[in-house]
Amino acid sequence: MNSREKFISSLHNKNHGRPPLWVMRQAGRYLPEYRKLREKYTFLEMVKTPELAVEVSLQPLKRFELDASIIFSDILVVPEAMGQPYYFRDQGGIGMEFKLETENCINKLDADNSVDKLSYVKDALLLLRKQIGDSKAMLGFCGSPWTLACYMIDGGSSPDFPRTVNWAKTSPNSFAKLMEKISSVLVNYLNMQASSGVDAIQIFDSWNALCPDKYLNEWSLYWINQISLEVSNKVPIILYAKTPSGRLHLFSNCKVSGISLDHKTKLSDARKILPSSFTLQGNLNPNVMETSPDNVEHKTLKLLNEMRGDSGHILNLGHGIRPNAKIECMEALVKTTREFT
Ligand code: 1CP
């Protein structure tokens, strides 16, 4: 069974043997070849030039025997295409050129032409498939409506996005209007990705934890389900939910194929709580990749043994790989996984 077949069979809970492996934000700053390219081009130049985006997507696959490739892009290309550009702040993190402040700002966002403006993603996906062939899986992605709204309303990175939480709480009608607009763009965007040959789509709900339990559905999951209902008949959807483990049961009715979890939840506990049909993706602590190969081997074996025999497990880090991750730790992760029987 090749990597792609293994990945697809895990998405259908039918994989036997070792789980497939890929790493989020794999094209990240820990690779010297990425940093070298980045000295020549801005991040957005790389994202918007299909040949460069594909080169960056392939960099980790050239070094490591991963089973899947995720297209090099960013969740914030969607607000950008809707008319809200972004930049890297000098002190780190992302800034949006302006914040959404009033309902009028929502009205001004362009939902009609935004997917045309994202055609560079389609071109990159078509080119990436050509390069990786049929033996590796290819993933597309987007941010969830809630997580995108966090950046759009608070105007960039924040530890707790207070303006977004306040807007959702105090003006639920105008908030829903924004969510509906973002969701309609995401449906078209994901359909475009589906028709470009992705094997799965990951929706990143990175800021899910900021939704209190009683608003979890209204602020986030409802919109993800609306999108899934329109797209999941074409391609399986994995929801990355960075959320407290105590409320995993609230995700049981999600209309997705799988859930990806951060390292704070024990994956075998999640298996007992969530429907058995769900693929479970995760969830090594990304910190481990900054330690030593021996430690990576130990932690990876612990997780692999915990999930032994689970036909719907995709091995992944609990969050994106960090700039200080060591290459020899990635090598240990791949070797340990590949040798696991
Ligand atoms: O050169 C650089 O400094 C760019 C760093 C970088 C990279 C490599 C950013 C800026 N984005 C990306 C690529 C990226 N982002 C991918 C492509 C896949 C890959 O290369 O492996 C993906 C899937 C993302 C997803 C993403 N972007 C998320 C969701 C996942 C998560 O981290 O929770 C979020 C929240 C973003 C926004 C964003 N873009 C970039 C950064 C540093 C951030 C986080 C900003 C913050 O701290 O709030």
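In what follows, the structure referred to is the one given above.
Here goes a summary of the coordinates provided. Everything numeric in this text was worked out from a predicted model, so none of it was measured. (Residues numbered from 1 in each chain as written. Predicted model: local features only at pLDDT ≥ 70, side-chain atom pairs only at ≥ 80, totals over all residues. Heavy atoms only, no water.)

**Side note on the site of the ligand**
Now for step 1: Taken together, 23 residues surround the ligand, and among them Gln 26, Tyr 34, Arg 38, Tyr 151 and Ser 206 come closest.
Now for step 2: Arg 38 has a polar side-chain atom sitting 2.6 Å from an oxygen atom of the ligand.
Now for step 3: Side-chain polar atom of Ser 157 to an oxygen atom of the ligand: 3.0 Å apart, as the coordinates give it.
Now for step 4: Coverage of the ligand by the protein amounts to 89% of the 880 Å² it exposes when considered alone.
Now for step 5: In the shell around the ligand, the residues fall into 13 nonpolar, six polar and four charged. (Near = heavy atom within 4 Å. Polar contact = N/O pair within 3.5 Å; in protein donor to acceptor, adjacent residues only side chain to side chain. Areas by Shrake-Rupley, 256 points an atom, 1.4 Å probe, with all protein chains shown as cover. Nonpolar A, V, L, I, M, F, W, Y, C, P; charged D, E, K, R; others polar.)

**Some words on the sheet that holds strand β9 (residues 313-317)**
Now for step 1: Read from one edge to the other, the open sheet built from seven strands follows the order β1-β4-β5-β6-β7-β8-β9, with strand pairing classed as parallel. The open sheet is flanked by β1 (68-70) and β9, the only strands paired with a single partner. Across the sheet, the mean angle separating the axes of adjacent strands is 25 degrees when strand polarity is ignored.
Now for step 2: Sheet topology note: the strand β6 (residues 237-241)/strand β7 (residues 258-260) ladder contains three bridges and is parallel. Directly across from Leu 239, in β7, lies its bridge partner Ile 259.
Now for step 3: Here helix α8 (residues 119-132) sits on the sheet and contacts β1 and β4 (137-143); the angle it forms with β4, its principal contact strand, is near 155 degrees. (Pairing = 2+ DSSP bridges. Helix = DSSP H or I, 4+ residues; strand = E, 2+ residues; numbered from the N terminus. Axes fitted to C-alpha atoms, helices over the stretch in contact; angles between N-to-C directions. Contact = heavy atoms within 4.5 Å.)

**Examining the environment of Pro 79**
Now for step 1: Tracing the backbone through its elements, the reader meets Pro 79 in helix α5 (residues 77-81).
Now for step 2: Note on Pro 79: relative accessible area 0%, which makes it buried.
Now for step 3: For the pair formed by Pro 79 and Ser 57, sequence separation is 22 residues and the distance between their alpha carbons is 22 Å.
Now for step 4: In this structure Pro 79 touches Gln 84, Met 96, Leu 148 and Met 152, once residues within four positions along its chain are discounted. (Buried < 20%, exposed > 50% of the residue type's maximum accessible area, 1.4 Å probe, protein only.)

**Re the packing of aromatic side chains**
Now for step 1: As enumerated under the stated definition, the model contains eleven aromatic pairs in all.
Now for step 2: When the centroid spacing of 5.3 Å and the interplanar angle of 20 degrees are considered together, the rings of Trp 146 and Trp 219 count as stacked. Taken together, the residues span a long stretch of sequence, with Trp 146 in helix α9 (residues 145-154) and Trp 219 in helix α12 (residues 216-231) at a distance of 73 residues.
Now for step 3: Exposure remark for Trp 146: the relative accessible area of 0% places this residue in the buried category.
Now for step 4: When the ring of Tyr 215 is compared with that of Trp 219, the centres are 4.6 Å apart and the planes differ by 5 degrees; the resulting orientation is stacked. Take Tyr 215 and Trp 219: they sit in the same class, and that class is buried.
Now for step 5: Each member of the aromatic cluster is reached from another via a ring pair, and the members are Tyr 34, Phe 43, Phe 72 and Phe 88.
Now for step 6: Over the aromatic face of Phe 88 sits the side chain of Arg 38, whose NZ or CZ is 5.4 Å from the ring centroid. (Phe/Tyr/Trp six-rings, centres within 6.5 Å; stacked < 30°, edge-to-face > 60°. Lys NZ or Arg CZ within 6 Å of the ring centre and 35° of its normal.)

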